[in-house]
Structures are given as structure tokens and as C-alpha cells.
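One letter stands for each residue in the lines below.
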Amino acid sequence: MTTENIGTERVAFGRGYAVWIMGIDGTWRRSCVLKAVSSFEAELELEGSIEGLNLKEFFLLLSSTGLAYRRCELIRVNGSEIDVRFLKTKNRSGRPLGARDDRMDS
């Protein structure tokens, strides 16, 4: 993984954890194995080819129903293994979650 997050706790799974990646527009989905994860990034081993897939930004689906997911961007490809970075999500106001709301400070 990248060295910029040195010191973050990363959990490695011995056998891996079955997950899926899915395009932002929902037009494609691939099975993969979650090998390691931290609060900022993950290491995945893909099943099948990634040729022709737009991996600039996609979803990592952690459940078969799609209710648990993270928005990701590709960091590195090494054969069938990829490293991804989790992107910050925004709330309905378009601001990152946890952003300070100055309107409340009156």
C-alpha cells in the first residue's frame, strides 16, 4: 500500500473476505477478495480481468445486498491485485461529512 498513511491500523485477512467492486454507474460488477483494509485504503485481489473497466472511481461493496459500501479510487495495479483509496462522501448539503457548520454558531 502507499506510505503516506504510515501508522494507520491495517487489518489483514488470512483467507480474505469475499466482496465486489461495481462501477459508479452500476453497469459492471466483479467479484474480488479483500486482503487488507484500513480506515483510508484497502488491498483487493480481483477475480477475472479488469480490462475495459473504468477504475478511476468505483464502489467497493461489502455486502451481497449492496447496503454496506465505500466509494473508492484506484491507487495501484499489480497483476490481479489492486490497492484502492477510500473517497470521502458528502452529505446532502454537498459538504464533506464532519465539516463544521458555521450557521449553527449563532
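What counts, and where the lines are drawn
Residues numbered from 1 in each chain as written. Predicted model: local features only at pLDDT ≥ 70, side-chain atom pairs only at ≥ 80, totals over all residues. Heavy atoms only, no water. Phe/Tyr/Trp six-rings, centres within 6.5 Å; stacked < 30°, edge-to-face > 60°. Buried < 20%, exposed > 50% of the residue type's maximum accessible area, 1.4 Å probe, protein only. Helix = DSSP H or I, 4+ residues; strand = E, 2+ residues; numbered from the N terminus. Lys NZ or Arg CZ within 6 Å of the ring centre and 35° of its normal. Core = buried A, V, L, I, M, F, W, Y, C linked by side-chain atoms within 4.5 Å. Contact = heavy atoms within 4.5 Å. Pairing = 2+ DSSP bridges. pLDDT = per-residue confidence, 0-100. Disulfide = S-S within 2.5 Å.

A. Here's a closer look at the packing of aromatic side chains. Applying the stated criterion to the full structure yields two aromatic pairs. With a centroid separation of 6.4 Å and an interplanar angle of 35°, the aromatic rings of Phe13 and Tyr17 are classed as tilted. Its relative accessible area of 31% is what places Phe13 among the partly exposed residues. Aromatic pair Phe59 and Tyr69: ring centres 5.4 Å apart, planes at 85°, arrangement edge-to-face. Of this pair, Phe59 sits in strand E4 (residues 58–61) while Tyr69 is found in strand E5 (residues 69–78), placing the two residues 10 residues apart along the sequence. Judged by its relative accessible area of 47%, Tyr69 falls in the partly exposed class. Directly above the aromatic system of Phe86 lies the positively charged group of Arg70, at a separation of 4.4 Å from the ring centroid.

B. Geometry of the nonpolar core. Counting residues in each nonpolar core, the largest one holds 16 residues, and the members touching the most others are Ile21, Leu44, Phe58, Leu60 and Val84. Put simply, the parts of the chain that give this core at least two residues each are strand E1 (11–23), strand E2 (29–37), strand E3 (41–46), E4 and strand E6 (81–86). When residues no more than four places from it in sequence are discounted, the contact partners of Leu44 are Val19, Ile21, Cys32, Val33, Leu34, Lys35, Leu60, Ser80, Glu81, Ile82 and Val84.

C. Representation of the pairing of E3 in the model. Extensive coverage of E3 is indicated by the burial of five of its six residues. Following E2, the chain reverses through three residues before pairing antiparallel with E3. In the sheet, E3 pairs with E6 via five bridges, with the strands oriented antiparallel. Across the sheet, Glu43 pairs through a bridge with Asp83, a residue of E6.

D. Structural detail: the confidence of the model for the chain. A residue-level look at the chain finds 76% of positions with pLDDT of 70 or above and a mean pLDDT of 82. Long-range and interchain partners of residues 98–106, a stretch whose pLDDT sits below 50, account for three contacts in this model, where long-range means more than four residues apart.

E. How the structure looks around the state of the cysteines. Applying the stated criterion across every chain, the model contains zero disulfides. Summary of cysteine pairing: Cys32 is not part of a disulfide, and the nearest cysteine sulfur, belonging to Cys72, is at 9.3 Å. Take Cys72: its relative accessible area is 0%, and that puts it in the buried class.

F. Main features of the pairing of E5. Taken together, the four bridges between E4 and E5 define a ladder with antiparallel strand orientation. Bridge pairing in E5 places Leu60 opposite Arg70. Sheet topology note: the E5/E6 ladder contains six bridges and is antiparallel. Note on E6: the bridge partner recorded for Cys72 is Phe86. Two successive antiparallel strands, E5 and E6, enclose a turn made up of two residues, where Gly79 displays a positive phi of approximately 65°.

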